[in-house]
Amino acid sequence: MHNKLEALMGKFGAYIYDNPFKVILVVIALLIAPISHVAQIKMDTSTEGFMHPEDPVLLTYNKFRAQFGRDERIVLAIKNDNIFSVDFLKTLRDLHEEIETNVPYLDDVTSLYNVRNTRGEGDRLITDDLLEPMPTTQDEADAIRKRAMESHFYKDLLLSDDGTMTTMIIETDAYSHEGEKKASVESEFDDAFGDGESNATEDGTQSTTTQNNQEKAFLTDAENAEFLKAVHKIVNKYKKEKGLEIYVAGSPAVMDALKSQMKADMQKFTRITFIIIIVFLFIMFRRVSAVVYPLIVIILSLVTTIGTMAWAGVAFKLPTQIVPSLLLAVSVGATVHILSIFFDRFNKNGDKKNALSYTLGHSGLAIAMTSVTTAIGVGSFSGSEVAPVSDLGIFAALGVMVSLFLTLTLLPALLSITKLKVKPKTTRGKLDELMLILALFPIKYYKGILIGSTVLVFVALVAATQISLSHNPLYWFQPDNENRVSTEVIDAKMNGTVTIEAIVDTGVEDGWNNPERLNKLNSMSTKLEKYVDEYTHIGKVVSLATIVKETNRALHENKETSYTIPKDANLVSQELLLFENSGSDDLEDVVDSQFSKARITIKLPWTDAVKAVQVLNHVKKELSATFPNEKVETTGMIPLLISTFANSVHSSVTSYIIAFILITFMMILILGSVRIGLLSMIPNLTPIILGLLLMYIMNIPLDMFTLLIGSIAIGLAVDDTIHFLHNFRRYYLESGDSAKAIQQTFFTTGKAMVITTIVLSLGFYSYLMAQMISVQNFGLLTGTVIVMALLSDLLLAPALMIVAAKRGWIK
């Protein structure tokens with residue numbers, strides 16, 4: 001069967017030589033549709049973008065956003081020793097008003113300028129702005145300072161404990177503004193007041209379906225970027241003109257900066273990788289065609305895959321950014337194998353048709369098998385519980401097959417129509433001599449290689465158990481990055497920039513007018529604010545209880561002793577009615593209009609999702625114990641990050657197991673032997689296992705990115721192993737001499753493997769110059785795994801084949 005397929009591939013090569021323009025036209029016709037959609041590709045770095053539309057965690061989050069608005073806020077912090085000076089308060093007012101006026105997609109801005117100031121005057125409840133009227137003398141400012149520093153509500157929310165930092169909390173609209181001009185007044189009214197379930201829109205954003213069945217998307221990634229651009233413009237103005245020390249934090253700012261920096265790094269170093277590929281391909285082949293044609297294959301594979309993603313309405317997300325790197329690796333490997341065999345043959349006989357026929361007959365089947373196996377390997381991720389990882393599996397597998405198609409059709413067709421000069425070799429090249437020397441190592445020292453490899457793998461597996469798990473996008477930035485510094489400064493001074501949100505549903509109207517329930521909420525909040533573990537702590541809890549206590553104190557001559565929950569339900573109802581009628585709309589942030597659902601916001605510092613599991617479990621436990629008869633749901637940024645990483649780890653482990661089983665089965669089929677197929681998995685897995693050893697040595701955690709590097713490792717390791725074993729088996733069956741077969745394989749396929757490894761490893765090592773730590777780690781690990789895959793196939797695979805040949809397993 002192998003011989004028949006190879007003969008068929010040889011005939012196909014001859015057909016392409018005879019009909020190159022037909023082949024090129026067919027390729028263009030097939031690719032033009034997906035490529036035409038490339039411009040429509042979108043990016044989505046939102047945390048909810050990591051989830052499938054039907055994910056229960058996302059449905060809960062979307063339901064929360066539809067009810068209470070977006071929980072992801074921008075925290076703008078100003079550090080100043082004279083916050084309550086008249087001049088500073090006027091500057092704060094100007095900054096506040098400029099943001100309100102000039103920032104798009106704004107829902108609310110809260111600062112000391114407009115925060116509620118609840119107090120009683122006689123029998124009247126007054127809820128006005130803290131700086132209303134604006135103080136004109138220092139005595140007036142000092143009086144405001146006294147009120148502010150005594151406020152339970154302001155502390156760690158708008159004012160630091162020592163009074164040297166104040167914050168401005170900026171909230172965006174929950175919903176997108178795209179297409180709003182086309183909406184009628186009636187549909188806008190229905191959208192605003194209708195309840196519905198969450199759905200995914202075509203661009204990957206989430207939406208809510210209203211009662212009139214109209215979909216309204218949540219704020220998009222592009223709108224979030226526009227919003228942040230306007231905020232930063234104003235902040236930079238006040239830094240420069242007023243000399244303010246301003247920090248900007250919050251998950252929207254961090255994720256937008258992450259998107260921008262990672263996009264810049266990936267684009268920059270993908271270009272550098274292309275330059276390295278160009279230089280080395282020219283050095284190796286000394287032909288322009290050997291440089292240009294592989295690049296055409298690579299670029300067309302990339303744009304076809306990206307165009308198909310856009311066509312399917314799938315946005316580019318952080319994990320799918322490795323798709324170009326994977327396709328780059330696979331495409332370079334396949335094209336270099338074709339070019340290496342083709343030019344060796346062409347330089348010997350000068351017959352282009354014969355060289356093409358021989359090349360496809362010699363390596364066409366192996367290339368097809370490697371690509372199919374790689375596609376199966378990465379395709380195993382398509383069932384992932386993490387949406388972008390699932391996208392990675394689907395579209396990376398598609399890209400690999402597109403690359404295979406172009407390598408076996410377009411590349412030979414381009415070579416057919418190109419005028420080529422024969423460059424006969426009078427002497428062996430340096431690479432030829434090196435390969436012959438390298439071939440002696442596994443022949444002479446195969447026992448030592450097997451023993452050494454076993455020890456290394458054992459040590460790596462032990463070290464792998466010590467690798468820490470992590471999902472902390474903030475720590476993908478350098479320590480001196482503005483976004484990371486701002487978040488850490490605000491966390492230290494204000495006790496948090498991210499939240500866990502809880503919804504407690506009593507199931508009955510006016511359920512939250514119950515004093516007993518409110519007292520339980522108050523007691524639980526006090527208890528939660530004392531929580532500290534080895535990784536994080538809870539900085540503040542804001543809920544309906546805060547407003548009730550403030551109102552009760554104000555109606556009892558502003559006495560601190562009355563900062564409590566009233567014991568009478570009627571009194572609670574009366575006080576809340578008075579608060580509503582006082583002009584403040586803060587109640588809608590903490591309770592629904594029926595007073596049946598209450599929102600509890602638990603603020604804490606930005607925490608690694610893996611380490612935040614402990615605090616989330618504690619919050620859930622306290623909520624369940626406090627409200628056993630109510631329906632309790634937790635959501636917000638921290639639960640979303642935790643769910644994302646938990647799903648990522650679970651799905652990745654499952655995907656790698658599926659990939660291992662499928663690839664093993666494919667290797668058995670390709671090599672025609674169960675024993676050899678199983679043996680071949682040893683050099684396939686060894687680079688991945690040794691990559692774990694490198695992670696341990698370099699103290700690199702297992703995170704969203706490092707989990708996915710294995711998909712590239714699988715692709716490259718399998719490719720090289722199949723090429724090596726496929727050709728070794730052919731030469732061994734011809735000569736019956738394992739040593740001779742190894743030398744012949746090194747001299748033909750081995751050269752292409754070395755060239756591919758040099759080009760790709762240098763390309764990925766260039767990522768070490770990136771700004772993002774995650775991109776640096778990606779480059780280091782991927783480049784090293786590529787080198788390890790080569791060493792594994794040039795040392796371990798031959799050593800295993802010598803043992804197999806001695807035992808008579810190769811037939």
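Quick notes on the rules
Residues numbered from 1 in each chain as written. Predicted model: local features only at pLDDT ≥ 70, side-chain atom pairs only at ≥ 80, totals over all residues. Heavy atoms only, no water. Salt bridge = Lys/Arg side-chain N within 4 Å of Asp/Glu carboxyl O. Helix = DSSP H or I, 4+ residues; strand = E, 2+ residues; numbered from the N terminus. Buried < 20%, exposed > 50% of the residue type's maximum accessible area, 1.4 Å probe, protein only. Axes fitted to C-alpha atoms, helices over the stretch in contact; angles between N-to-C directions. Parallel < 35°, antiparallel > 145°, perpendicular 65-115°, else oblique. Left-handed = near helix turned anticlockwise from the far one by under 90°. Contact = heavy atoms within 4.5 Å. Nonpolar A, V, L, I, M, F, W, Y, C, P; charged D, E, K, R; others polar. Phe/Tyr/Trp six-rings, centres within 6.5 Å; stacked < 30°, edge-to-face > 60°. Lys NZ or Arg CZ within 6 Å of the ring centre and 35° of its normal. Pairing = 2+ DSSP bridges. Polar contact = N/O pair within 3.5 Å; in protein donor to acceptor, adjacent residues only side chain to side chain. pLDDT = per-residue confidence, 0-100. Expected span 1.5 Å × (residues − 1). Arc of directions from axis to C-beta. Core = buried A, V, L, I, M, F, W, Y, C linked by side-chain atoms within 4.5 Å. Patch = residues over 30% accessible without salt bridge, like charges linked within 9 Å, V, L, I, M, F, W, Y side chains within 5 Å. Areas by Shrake-Rupley, 256 points an atom, 1.4 Å probe, with all protein chains shown as cover.

1. Observations concerning the pattern of salt bridges
Then step 1. One pass over the full model with this rule turns up 24 salt bridges.
Then step 2. Lys239 is the salt-bridge partner of Glu482, the closest N and O atoms lying 3.3 Å from each other. Of this pair, Glu482 sits in helix α16 (residues 482–494) while Lys239 sits in helix α7 (residues 221–242), and the two are 243 residues apart along the sequence.
Then step 3. Relative accessible area serves as the criterion here: at 28%, Lys239 is assigned to the partly exposed category.
Then step 4. Here the residues in one salt-bridge network are Arg119, Glu121, Arg124 and Asp128, joined through shared partners.

2. Things to note about unusual backbone geometry
Then step 1. For the bond from Glu132 to Pro133, the omega torsion is 0°, close enough to zero to count as cis.
Then step 2. The phi torsion at Arg286 lies on the positive side, around 55°, for a residue other than glycine.
Then step 3. Within the secondary structure layout, Arg286 lies in the loop between α8 (251–285) and α9 (289–311).

3. Topic: the packing of helix α15 (residues 446–464) against helix α25 (residues 773–806)
Then step 1. Two elements in contact, α15 and α25, have axes separated by 9 Å at closest approach and are oriented at 120°. Considering the angle they form, α15 stands oblique to α25. Relative to α25, the crossing made by α15 is left-handed. Each of Tyr446, Ile449, Leu450 and Ser453 in α15 lies in contact with α25, whose residues at this interface are Leu795, Leu796, Ala799, Leu800, Ile802, Val803 and Lys806.
Then step 2. A per-class count over the contact of α15 with α25 returns 9 nonpolar, 1 polar and 1 charged.

4. Brief notes about the packing of aromatic side chains
In this description, a pair of aromatic rings is defined by centroid distance and the angle of the planes.
Then step 1. Across all of its chains, the model carries 14 aromatic pairs by this definition.
Then step 2. Taken together, a centroid distance of 5.1 Å and an interplanar angle of 70° make the contact between Phe342 and Phe343 edge-to-face.
Then step 3. Measuring from ring centre to ring centre gives 5.8 Å for Phe342 and Phe346, while their planes differ by 5°; the resulting arrangement is stacked. Taken together, the residues span about one helical turn, with Phe342 and Phe346 both in helix α10 (residues 323–349) at a distance of 4 residues. No difference in accessibility class separates Phe342 from Phe346, as the two residues are buried.
Then step 4. Within the aromatic cluster, the residues linked to one another by ring pairs are Phe285, Phe342, Phe343 and Phe346.
Then step 5. Here the basic side chain of Arg484 rests over the ring of Tyr475, its NZ or CZ set 3.9 Å away from the ring centre.
Then step 6. A cation over a ring is seen here: Arg517 above Trp512, with NZ or CZ 5.9 Å from the ring centre.

5. A word on helix α18 (residues 544–554)
Then step 1. For α18, a buried count of 11 out of 11 residues is recorded, marking the element as mostly surrounded by other parts of the structure.
Then step 2. Residues of α18 that are buried: Leu544, Ala545, Thr546, Ile547, Val548, Lys549, Glu550, Thr551, Asn552, Arg553 and Ala554.
Then step 3. Tucked into the core, α18 has its buried residues touching β3 (116–121), β4 (124–129), α17 (515–528), β11 (540–542), α19 (569–581) and β12 (597–604).

6. Things to note about the sheet that holds strand β5 (residues 165–172)
Then step 1. One open sheet holds the 4 strands; their spatial order is β2-β5-β1-β9, and the pairing between them is antiparallel. Each having just a single partner strand, β2 (106–110) and β9 (245–249) make up the two edges of the open sheet. On average, adjacent strands in this sheet sit at an angle of 20° to one another, irrespective of strand direction.
Then step 2. In this sheet, β5 lies alongside strand β1 (residues 74–79) in antiparallel orientation, the contact comprising 6 bridges. Bridged to Leu76 within β5 is Met168.

7. Section: the sheet that holds strand β10 (residues 498–505)
Then step 1. Strand order in the open sheet formed by 4 strands is β11-β12-β10-β13, with antiparallel pairing between adjacent strands. Among the strands making up the open sheet, the edge pair consists of β11 and β13 (631–635). Each strand of the sheet is rotated relative to its neighbour by a mean of 20°, with strand direction disregarded.
Then step 2. The pairing of β10 with β12 spans 8 bridges and is classified as antiparallel. What sits directly across from Ile503, in β12, is Arg599.
Then step 3. Contacting β10, β12 and β13, helix α21 (residues 637–671) crosses the sheet at an angle of about 100° to β10.

8. Some points on the environment of Lys603
Then step 1. Relative to the helices and strands, Lys603 is located in strand β12.
Then step 2. Spatially, the C-alpha atoms of Lys603 and Val653 are 32 Å apart, while their sequence positions differ by 50 residues.
Then step 3. Not counting the four nearest positions on each side in its chain, Lys603 is found in contact with Asp156, Leu157, Met494, Asn495, Gly496, Thr497, Val498, Thr499, Ile538, Gly539 and Lys540.
Then step 4. Polar contacts involving the side chain of Lys603 include one to the main-chain carbonyl oxygen of Met494, which spans 2.7 Å.

9. Notes on the confidence of the model for the protein chain
Then step 1. Looking at the protein chain, the pLDDT average stands at 86 and 94% of residues meet or exceed 70.
Then step 2. Counting contacts from residues 181–205, a segment whose pLDDT is below 50, to residues more than four positions away or on other chains yields 46 contacts.
Then step 3. Predicted confidence for residues 209–213 stays below pLDDT 50, and this span has 14 contacts to residues more than four positions away or in other chains.

10. Looking at α15
Then step 1. With 19 residues, α15 ought to run about 27 Å at 1.5 Å a step, and its terminal C-alpha atoms sit 26 Å apart, in line with that.
Then step 2. By the burial criterion, the buried members of α15 are Tyr446, Ile449, Ser453, Val457, Ala460 and Ala463. The buried side chains of α15 occupy one side of the element, clustering within an arc of 125° when seen end-on. For α15, exposure combined with an orientation more than 90 degrees from the buried face picks out Lys447, Ile451, Thr454 and Phe458.
Then step 3. If you follow the buried residues of α15, they end up packed against α14 (430–444), α22 (674–697) and α25.

11. Side note on the environment of Ala804
Then step 1. Take Ala804: it is sitting in helix α25.
Then step 2. Judged by its relative accessible area of 0%, Ala804 falls in the buried class.
Then step 3. Separated by 66 residues in the primary sequence, Ala804 and Ser738 place their C-alpha atoms 9.5 Å from one another.
Then step 4. When near neighbours in sequence (up to four residues on either side) are disregarded, Ala804 contacts Ile676, Leu679, Trp809 and Ile810.

12. As for the pairing of β5
Then step 1. For β5, the buried fraction is high: 8 of the 8 residues fall into the buried class.
Then step 2. By the bridge criterion, 4 bridges tie β2 to β5 in an arrangement that is antiparallel. Bridge pairing in β5 links Asp108 to Glu171.

13. What to know about the nonpolar core
Then step 1. Residues Met262, Trp512, Leu544, Leu587 and Ile600 are the most contacted members of the largest nonpolar core, which totals 134 residues.
Then step 2. Top element by residues in this core is α10. It accounts for 14 residues.
Then step 3. Excluding residues that lie within four positions of it along the chain, Met262 makes contacts with Leu318, Gln321, Trp476, Phe705, Met772, Ser774 and Val775.
Then step 4. With 45 residues, the next largest nonpolar core counts Met134, Phe227, Ile234 and Ile246 among its residues.

14. Some points on a nonpolar patch on the surface
Then step 1. Together, Ile451, Val455, Phe458, Val459 and Val462 give the surface a local cluster of nonpolar side chains, amounting to about 480 Å² of exposed area.
Then step 2. Mapping Val462 onto the fold places it in helix α15.
Then step 3. With relative accessibility at 43%, the residue Val462 sits in the partly exposed group.

15. Focus: the side chain of Thr782
Then step 1. Relative to the assigned elements, Thr782 resides in helix α25.
Then step 2. A residue is classified by how much of its surface remains accessible, and Thr782, at 1% relative accessible area, is buried.
Then step 3. Polar contacts involving the side chain of Thr782 include one to the main-chain carbonyl oxygen of Phe778, which spans 2.6 Å.

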